[in-house]
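A look at the structure
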Amino acid sequence: MSVTEPVDEHAQHGYIGDKKAYLARLKRIEGQARGLQRMVEDEKYCIDILTQISAMTKALESVALGLLDDHLTHCVVDAAAAGGPEADAKIKEASAAIARLVRS
């Protein structure tokens, strides 16, 4: 009877090396969202709110691009090296993610 080693699910994610940095950035973005809520509650000037929304959008885009880069350089490259249907699936998945980011 063969004993298999448990699969480390986290080993497959390309962003794991930068997890702390991503979490810190996302917490800052969460703070920005709360700040936007306060601005509306306090009836701040529309343009000031829009400026903050733009900053928050750019921060989210930066996280998305970083995750995309990690995915391409880790998950997609590994699948491409292995070849076969998994490689095709990862490339299609990445292309779809890029299309969603471009549309947003």
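Residues numbered from 1 in each chain as written. Predicted model: local features only at pLDDT ≥ 70, side-chain atom pairs only at ≥ 80, totals over all residues. Heavy atoms only, no water.

Turning our attention to helix H3 (residues 84-103). Residues lying three or four places apart along an α-helix face the same way, a consequence of the helix completing one turn every 3.6 residues. Over its 20 residues, H3 extends 29 Å from the first C-alpha to the last, a length consistent with the 28 Å expected when each residue adds 1.5 Å. For H3, every residue scored as buried is listed here: Ala 87, Ala 94 and Ala 97. Along H3, the residues classed as buried sweep out an arc of 90 degrees about the axis, all on the same side. Exposed side of H3, more than 90 degrees from the buried face: Pro 85, Lys 92 and Arg 103 are the residues found there. Elements in contact with the buried residues of H3: helix H2 (46-82). (Helix = DSSP H or I, 4+ residues; strand = E, 2+ residues; numbered from the N terminus. Expected span 1.5 Å × (residues − 1). Buried < 20%, exposed > 50% of the residue type's maximum accessible area, 1.4 Å probe, protein only. Arc of directions from axis to C-beta. Contact = heavy atoms within 4.5 Å.)

Here we take up the side chain of Asp 70. One can find Asp 70 in helix H2. In this structure, Asp 70 is buried with no salt-bridge partner, the nearest side chain bearing the opposite charge being Arg 25 at 7.8 Å. The contacts of Asp 70, once residues within four sequence positions are left out, are Gly 14, Tyr 15, Asp 18, Tyr 22 and Cys 75. (Lys, Arg positive; Asp, Glu negative; His and termini not counted. Salt bridge = Lys/Arg side-chain N within 4 Å of Asp/Glu carboxyl O.)

Evaluated as defined, the whole model comprises one aromatic pair. Where Tyr 15 meets Tyr 22, the ring centres are 6.5 Å apart and the plane angle is 85 degrees; that geometry is what we call edge-to-face. (Phe/Tyr/Trp six-rings, centres within 6.5 Å; stacked < 30°, edge-to-face > 60°.)

For side chains of opposite charge, pairing can occur when their charged atoms come near one another. Under the defined criterion, the tally for this structure stands at three salt bridges. A salt bridge links Glu 30 to Arg 34, with the shortest nitrogen-to-oxygen separation between them at 3.4 Å. Of this pair, Glu 30 and Arg 34 both sit in helix H1 (residues 19-41), four residues apart, which is roughly one turn of that helix. Given the relative accessible area of 43%, Glu 30 is considered partly exposed. One salt bridge in this structure joins Glu 93 and Lys 90, with 3.8 Å as the shortest N-O distance. Of this pair, Glu 93 and Lys 90 both sit in helix H3, three residues apart, roughly one helical turn.

Time to look at a nonpolar patch on the surface. Where nonpolar side chains cluster on the molecular surface, the patch consists of Tyr 45, Ile 47, Leu 50 and Ile 53 and spans about 410 Å² of accessible area. Note that Ile 47 resides in helix H2. (Patch = residues over 30% accessible without salt bridge, like charges linked within 9 Å, V, L, I, M, F, W, Y side chains within 5 Å. Areas by Shrake-Rupley, 256 points an atom, 1.4 Å probe, with all protein chains shown as cover.)

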